[in-house]
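Given next are the chains, with one letter for each unit.
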Amino acid sequence: MKPISILIADDEEEIANLIAIHLEKEGYHVLKVADGQAAIDVIENQSIDLLILDIMMPKMDGYEVTRRIREHHNMPIIFLSAKTSDFDKVQGLVIGADDYITKPFTPIELVARVNAHLRRFMKLNQPRSAQHSNLEFGELVIAPEQRTVSLYGEIIELTPKEFDILLLLASHPKKVYSVENIFQHVWGAAYFEGANTVMVHIRTLRKKLDEDKRKNKLIKTVWGVGYSFNG
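Residues numbered from 1 in each chain as written. Predicted model: local features only at pLDDT ≥ 70, side-chain atom pairs only at ≥ 80, totals over all residues. Heavy atoms only, no water.

For clarity, the threshold we go by: UniProt positions are given in the numbering used here, feature names are shortened, and annotations may be inferred rather than shown by experiment.
Per an unreviewed UniProt entry, the chain carries the name Transcriptional regulatory protein WalR and comes from Pseudoneobacillus rhizosphaerae. Heading Subcellular location (unreviewed entry) of the UniProt record for the chain holds this comment: "Cytoplasm".

Shown next, in the form of C-alpha coordinates:
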(Lines give C-alpha, C1' and ligand atoms only; values in the text may rest on other atoms or scores of the structure.)
Protein backbone atom coordinates (compact mmCIF):
# COMPACT_ATOMS: atom_id res chain seq x y z
CA MET A 1 0.00 0.00 0.00
CA LYS A 2 1.37 3.40 -1.00
CA PRO A 3 2.23 5.56 2.02
CA ILE A 4 0.36 8.81 2.45
CA SER A 5 2.47 11.72 1.19
CA ILE A 6 2.46 15.12 2.87
CA LEU A 7 4.16 18.19 1.43
CA ILE A 8 5.49 20.89 3.77
CA ALA A 9 6.05 24.27 2.09
CA ASP A 10 7.82 26.58 4.54
CA ASP A 11 11.00 28.63 4.15
CA GLU A 12 11.82 28.28 7.87
CA GLU A 13 13.94 25.16 7.82
CA GLU A 14 13.76 24.48 11.57
CA ILE A 15 9.96 24.54 11.54
CA ALA A 16 9.75 22.32 8.45
CA ASN A 17 12.14 19.81 10.01
CA LEU A 18 10.18 19.79 13.29
CA ILE A 19 6.91 19.11 11.49
CA ALA A 20 8.53 16.41 9.37
CA ILE A 21 9.86 14.58 12.43
CA HIS A 22 6.41 14.38 14.03
CA LEU A 23 4.64 13.38 10.81
CA GLU A 24 7.20 10.70 9.99
CA LYS A 25 6.61 9.21 13.45
CA GLU A 26 2.98 8.79 12.34
CA GLY A 27 4.15 6.83 9.30
CA TYR A 28 3.66 9.53 6.68
CA HIS A 29 5.98 10.11 3.72
CA VAL A 30 7.09 13.75 3.99
CA LEU A 31 8.48 16.09 1.36
CA LYS A 32 9.75 19.61 2.05
CA VAL A 33 10.15 22.70 -0.12
CA ALA A 34 11.13 26.26 0.77
CA ASP A 35 9.19 28.37 -1.72
CA GLY A 36 5.79 28.57 -3.37
CA GLN A 37 6.85 27.75 -6.90
CA ALA A 38 8.60 24.60 -5.71
CA ALA A 39 5.36 23.54 -3.98
CA ILE A 40 3.46 23.90 -7.27
CA ASP A 41 6.13 21.92 -9.12
CA VAL A 42 6.00 19.02 -6.65
CA ILE A 43 2.20 18.83 -6.69
CA GLU A 44 2.10 18.84 -10.48
CA ASN A 45 4.61 16.00 -10.71
CA GLN A 46 3.96 13.81 -7.68
CA SER A 47 1.01 12.39 -5.80
CA ILE A 48 0.46 14.54 -2.70
CA ASP A 49 -2.31 13.74 -0.21
CA LEU A 50 -2.09 16.84 2.02
CA LEU A 51 -0.27 20.18 1.94
CA ILE A 52 0.98 22.17 4.94
CA LEU A 53 1.58 25.66 3.62
CA ASP A 54 3.18 28.85 4.93
CA ILE A 55 1.85 32.16 3.58
CA MET A 56 4.96 34.34 3.46
CA MET A 57 7.38 32.49 1.16
CA PRO A 58 9.81 33.37 -1.63
CA LYS A 59 8.78 33.36 -5.32
CA MET A 60 5.08 32.80 -4.64
CA ASP A 61 3.05 33.32 -1.46
CA GLY A 62 0.75 30.73 0.04
CA TYR A 63 -2.41 32.46 -1.14
CA GLU A 64 -1.36 32.26 -4.80
CA VAL A 65 -0.18 28.67 -4.34
CA THR A 66 -3.62 27.75 -3.00
CA ARG A 67 -5.44 29.49 -5.85
CA ARG A 68 -3.42 27.57 -8.43
CA ILE A 69 -3.75 24.23 -6.67
CA ARG A 70 -7.52 24.59 -6.34
CA GLU A 71 -7.83 24.85 -10.12
CA HIS A 72 -7.01 21.15 -10.45
CA HIS A 73 -6.62 19.49 -7.02
CA ASN A 74 -8.77 19.00 -3.94
CA MET A 75 -6.33 17.59 -1.38
CA PRO A 76 -6.58 19.14 2.11
CA ILE A 77 -4.55 22.33 2.56
CA ILE A 78 -3.55 23.53 6.02
CA PHE A 79 -2.13 27.03 6.36
CA LEU A 80 0.57 27.34 9.02
CA SER A 81 1.41 31.01 9.36
CA ALA A 82 2.71 33.74 11.66
CA LYS A 83 -0.05 35.99 10.30
CA THR A 84 -2.65 35.96 13.08
CA SER A 85 -5.26 38.53 12.05
CA ASP A 86 -8.83 37.48 11.38
CA PHE A 87 -8.52 38.99 7.90
CA ASP A 88 -5.64 36.66 7.03
CA LYS A 89 -7.51 33.64 8.39
CA VAL A 90 -10.68 34.50 6.48
CA GLN A 91 -8.76 35.13 3.27
CA GLY A 92 -7.00 31.78 3.56
CA LEU A 93 -10.23 29.89 4.08
CA VAL A 94 -12.13 31.74 1.37
CA ILE A 95 -9.58 30.95 -1.35
CA GLY A 96 -9.73 27.25 -0.58
CA ALA A 97 -7.68 26.26 2.48
CA ASP A 98 -9.25 23.68 4.79
CA ASP A 99 -7.65 24.87 8.00
CA TYR A 100 -5.53 27.70 9.42
CA ILE A 101 -3.05 27.26 12.27
CA THR A 102 -1.04 30.15 13.65
CA LYS A 103 2.59 30.10 14.73
CA PRO A 104 3.76 29.33 17.33
CA PHE A 105 1.93 26.00 17.33
CA THR A 106 2.07 22.68 19.14
CA PRO A 107 3.14 19.73 16.99
CA ILE A 108 0.59 17.50 18.73
CA GLU A 109 -2.30 19.71 17.62
CA LEU A 110 -0.94 19.96 14.09
CA VAL A 111 -0.62 16.19 13.81
CA ALA A 112 -4.17 15.76 15.17
CA ARG A 113 -5.55 18.11 12.54
CA VAL A 114 -3.55 16.42 9.78
CA ASN A 115 -4.94 13.03 10.83
CA ALA A 116 -8.49 14.39 10.95
CA HIS A 117 -8.33 16.03 7.53
CA LEU A 118 -6.84 12.92 5.94
CA ARG A 119 -9.50 10.65 7.48
CA ARG A 120 -12.22 12.90 6.15
CA PHE A 121 -10.63 13.24 2.72
CA MET A 122 -10.05 9.50 2.30
CA LYS A 123 -13.61 8.73 3.39
CA LEU A 124 -15.10 11.18 0.91
CA ASN A 125 -12.98 9.90 -1.97
CA GLN A 126 -13.26 6.17 -1.47
CA PRO A 127 -15.02 4.21 -4.25
CA ARG A 128 -18.76 3.88 -3.80
CA SER A 129 -20.68 0.74 -4.69
CA ALA A 130 -23.84 2.58 -5.65
CA GLN A 131 -24.48 5.83 -7.43
CA HIS A 132 -25.72 8.46 -5.01
CA SER A 133 -28.84 10.24 -6.19
CA ASN A 134 -28.64 13.92 -6.98
CA LEU A 135 -30.35 16.31 -4.60
CA GLU A 136 -32.64 18.74 -6.42
CA PHE A 137 -34.24 21.82 -4.91
CA GLY A 138 -35.83 23.75 -7.75
CA GLU A 139 -33.02 25.41 -9.68
CA LEU A 140 -30.35 24.04 -7.31
CA VAL A 141 -28.89 20.60 -8.08
CA ILE A 142 -26.28 18.90 -5.87
CA ALA A 143 -24.48 15.87 -7.34
CA PRO A 144 -22.72 14.03 -4.47
CA GLU A 145 -20.94 11.52 -6.70
CA GLN A 146 -19.44 14.17 -8.96
CA ARG A 147 -19.15 16.69 -6.10
CA THR A 148 -20.70 19.40 -8.23
CA VAL A 149 -23.38 22.02 -7.60
CA SER A 150 -25.36 23.80 -10.31
CA LEU A 151 -27.68 26.77 -10.01
CA TYR A 152 -29.97 27.68 -12.92
CA GLY A 153 -28.00 25.18 -15.00
CA GLU A 154 -24.63 26.83 -14.29
CA ILE A 155 -21.91 25.05 -12.29
CA ILE A 156 -21.08 26.85 -9.05
CA GLU A 157 -17.40 26.68 -8.07
CA LEU A 158 -17.27 25.66 -4.41
CA THR A 159 -14.27 24.82 -2.28
CA PRO A 160 -14.23 21.24 -0.90
CA LYS A 161 -15.38 22.39 2.53
CA GLU A 162 -18.14 24.61 1.13
CA PHE A 163 -19.45 21.62 -0.82
CA ASP A 164 -19.31 19.38 2.27
CA ILE A 165 -21.26 21.89 4.36
CA LEU A 166 -23.93 22.31 1.68
CA LEU A 167 -24.25 18.55 1.20
CA LEU A 168 -24.55 17.99 4.96
CA LEU A 169 -27.31 20.56 5.37
CA ALA A 170 -29.15 19.69 2.14
CA SER A 171 -29.14 15.96 2.94
CA HIS A 172 -31.29 16.70 6.00
CA PRO A 173 -33.61 19.62 5.13
CA LYS A 174 -35.06 21.50 8.11
CA LYS A 175 -32.69 19.77 10.53
CA VAL A 176 -30.78 22.31 12.59
CA TYR A 177 -27.03 21.78 12.93
CA SER A 178 -25.05 23.67 15.52
CA VAL A 179 -21.74 25.25 14.48
CA GLU A 180 -19.96 22.61 16.54
CA ASN A 181 -21.84 19.76 14.79
CA ILE A 182 -21.05 21.17 11.36
CA PHE A 183 -17.36 21.46 12.23
CA GLN A 184 -17.20 17.90 13.54
CA HIS A 185 -19.07 16.46 10.54
CA VAL A 186 -17.22 18.38 7.84
CA TRP A 187 -13.75 18.66 9.32
CA GLY A 188 -13.97 15.27 11.03
CA ALA A 189 -12.14 16.66 14.02
CA ALA A 190 -12.57 17.76 17.59
CA TYR A 191 -14.06 21.25 17.80
CA PHE A 192 -10.88 23.21 18.65
CA GLU A 193 -11.85 26.83 17.82
CA GLY A 194 -13.93 26.14 14.74
CA ALA A 195 -16.77 28.67 15.10
CA ASN A 196 -15.19 31.37 12.92
CA THR A 197 -14.09 28.78 10.38
CA VAL A 198 -17.64 27.48 9.93
CA MET A 199 -19.18 30.95 9.78
CA VAL A 200 -16.69 32.11 7.13
CA HIS A 201 -17.54 29.11 4.95
CA ILE A 202 -21.29 29.63 5.44
CA ARG A 203 -20.92 33.28 4.46
CA THR A 204 -18.99 32.56 1.26
CA LEU A 205 -21.33 29.66 0.42
CA ARG A 206 -24.35 31.94 0.70
CA LYS A 207 -22.70 34.49 -1.57
CA LYS A 208 -21.99 31.88 -4.25
CA LEU A 209 -25.60 30.68 -4.06
CA ASP A 210 -26.86 34.26 -4.61
CA GLU A 211 -28.59 34.21 -1.24
CA ASP A 212 -28.60 38.00 -1.09
CA LYS A 213 -31.02 37.99 -4.04
CA ARG A 214 -33.37 35.38 -2.58
CA LYS A 215 -36.48 36.18 -0.61
CA ASN A 216 -36.56 32.64 0.80
CA LYS A 217 -33.04 31.75 1.88
CA LEU A 218 -31.75 28.22 1.24
CA ILE A 219 -29.45 28.29 4.26
CA LYS A 220 -31.38 29.52 7.28
CA THR A 221 -29.79 30.88 10.45
CA VAL A 222 -31.54 29.60 13.56
CA TRP A 223 -30.42 32.22 16.05
CA GLY A 224 -28.69 30.84 19.10
CA VAL A 225 -28.77 27.30 17.68
CA GLY A 226 -27.11 26.97 14.27
CA TYR A 227 -28.06 26.49 10.61
CA SER A 228 -30.57 24.51 8.59
CA PHE A 229 -31.32 23.95 4.90
CA ASN A 230 -34.60 25.45 3.79
CA GLY A 231 -34.91 23.81 0.38
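1. Thoughts on the overall build of the chain
Under the convention used in this document: Here a strand is any run of E in DSSP of at least two residues, a helix any run of H or I of at least four, and the numbering for each starts at the N terminus. Atoms considered for the radius of gyration are the C-alpha atoms alone. The globule rule reads 2.2 Å times the number of residues to the power 0.38. Working definition: with a 1.4 Å probe on protein chains only, accessible area under 20% of the residue-type maximum means buried, over 50% means exposed, and in between means partly exposed. Whether two residues touch is decided by their heavy atoms; if any such pair falls within 4.5 Å, the residues are in contact.
Secondary structure summary: the chain contains 8 helices and 11 strands in total. Scaling as 2.2 N^0.38, a compact globule of 231 residues should have a C-alpha radius of gyration of about 17 Å, and the chain matches this with 18 Å. Reported as C-alpha extents along the three principal axes, the dimensions of the chain are approximately 50 × 40 × 30 Å. Residue burial in the chain is summarised as follows: out of 231 residues, 49% are buried. Within the chain, counting contacts between residues at least 6 apart in sequence, those at least 24 apart form 57% of the total.

2. A word on the UniProt feature "domain: Response regulatory" (unreviewed entry) in the chain
In the numbering used here, UniProt assigns the feature "domain: Response regulatory" (unreviewed entry) to residues 5-118. Across residues 5-118, the secondary structure splits into 46% helix and 20% strand, with the terminal C-alpha atoms separated by 11 Å.

3. A word on the sheet that holds strand S3 (residues 50-53)
Either a parallel or an antiparallel arrangement is found when strands of a sheet pair, and the pairing is made through backbone hydrogen bonds. Basically, it comes down to this: At least two DSSP bridges between two strands are required for those strands to pair. A fitted line through C-alpha atoms serves as each axis, taken over the contacting stretch for helices, and the angle formed by two N-to-C directions is quoted from 0 to 180°.
Read from one edge to the other, the open sheet built from 5 strands follows the order S2-S1-S3-S4-S5, with strand pairing classed as parallel. A strand with exactly one partner marks an edge of an open sheet, and here the two such strands are strand S2 (29-33) and strand S5 (99-102). Geometrically, the sheet is characterised by an average inter-axis angle of 20 degrees between neighbouring strands, direction not taken into account. As judged from the 4 bridges shared by strand S4 (residues 77-81) and S5, these two strands associate in the parallel manner.

4. Focus: the pattern of salt bridges
How we decide: Salt bridges are defined as contacts in which a side-chain nitrogen from Lys or Arg sits within 4 Å of a carboxyl oxygen from Asp or Glu.
Following the criterion strictly, the structure yields 12 salt bridges and no others. The closest approach of N and O atoms between Arg68 and Glu64, which form a salt bridge, is 3.1 Å. Here Arg68 and its partner Glu64 are both found in helix H3 (residues 62-69), 4 residues apart, which amounts to about one turn of the helix. Look at Arg68 and you get partly exposed, because its relative accessible area is 37%. For Lys208, the salt bridge goes to Glu162, with nearest N and O atoms at 2.7 Å.

5. Here's the deal with the pairing of S4
As a reminder, the rule being used: A right-handed crossover is one whose linking path, passing over the helix from the first strand to the second, runs clockwise when the strands point away from the viewer.
Of all the 5 residues making up S4, 5 are buried; the element is thus mostly covered by neighbouring parts of the structure. Burial of S4 is two-sided: the residues Ile77, Phe79 and Ser81 facing one way and the residues Ile78 and Leu80 facing the other way are all buried. Across 3 bridges, S3 lies against S4 in parallel orientation. Bridge pairing in S4 links Ile52 to Ile78. On the question of chirality, the crossover connecting S3 to the parallel S4 by way of H3 is right-handed. Regarding topology, helix H4 (residues 86-94) serves as the crossover connection from S4 to the parallel S5, and that connection is right-handed.

6. As for the packing of aromatic side chains
To keep things clear, this is the line we draw: Only the six-membered ring of Trp is used, alongside the rings of Phe and Tyr, when aromatic pairs are assigned; centres must lie within 6.5 Å, and planes under 30 degrees apart are stacked while those over 60 apart are edge-to-face, with the rest tilted.
Across all of its chains, the model carries 3 aromatic pairs by this definition. With a centroid separation of 5.8 Å and an interplanar angle of 80 degrees, the aromatic rings of Tyr63 and Phe79 are classed as edge-to-face. Of this pair, Tyr63 sits in helix H3 while Phe79 sits in strand S4, placing them 16 residues apart in sequence. Put simply, the rings of Tyr63, Phe79 and Tyr100 touch in pairs and so form one group of aromatic residues.

7. Re the sheet that holds strand S7 (residues 140-143)
Read from one edge of the open sheet, 4 strands run S6-S7-S8-S9, paired in antiparallel fashion. Two strands in the sheet have a free side with no partner beyond their single neighbour: strand S6 (135-137) and strand S9 (154-156). Strand-to-strand twist in this sheet, taken as the mean axis angle between neighbours without regard to direction, amounts to 25 degrees. One ladder, built from 3 bridges, connects S6 with S7; its direction is antiparallel. Note that in S7 the partner of Phe137 across the bridge is Leu140. Against the sheet, helix H6 (residues 160-170) makes contact with S6, S7 and strand S8 (148-151), and its axis sits at roughly 105 degrees relative to S7, the strand it touches most.

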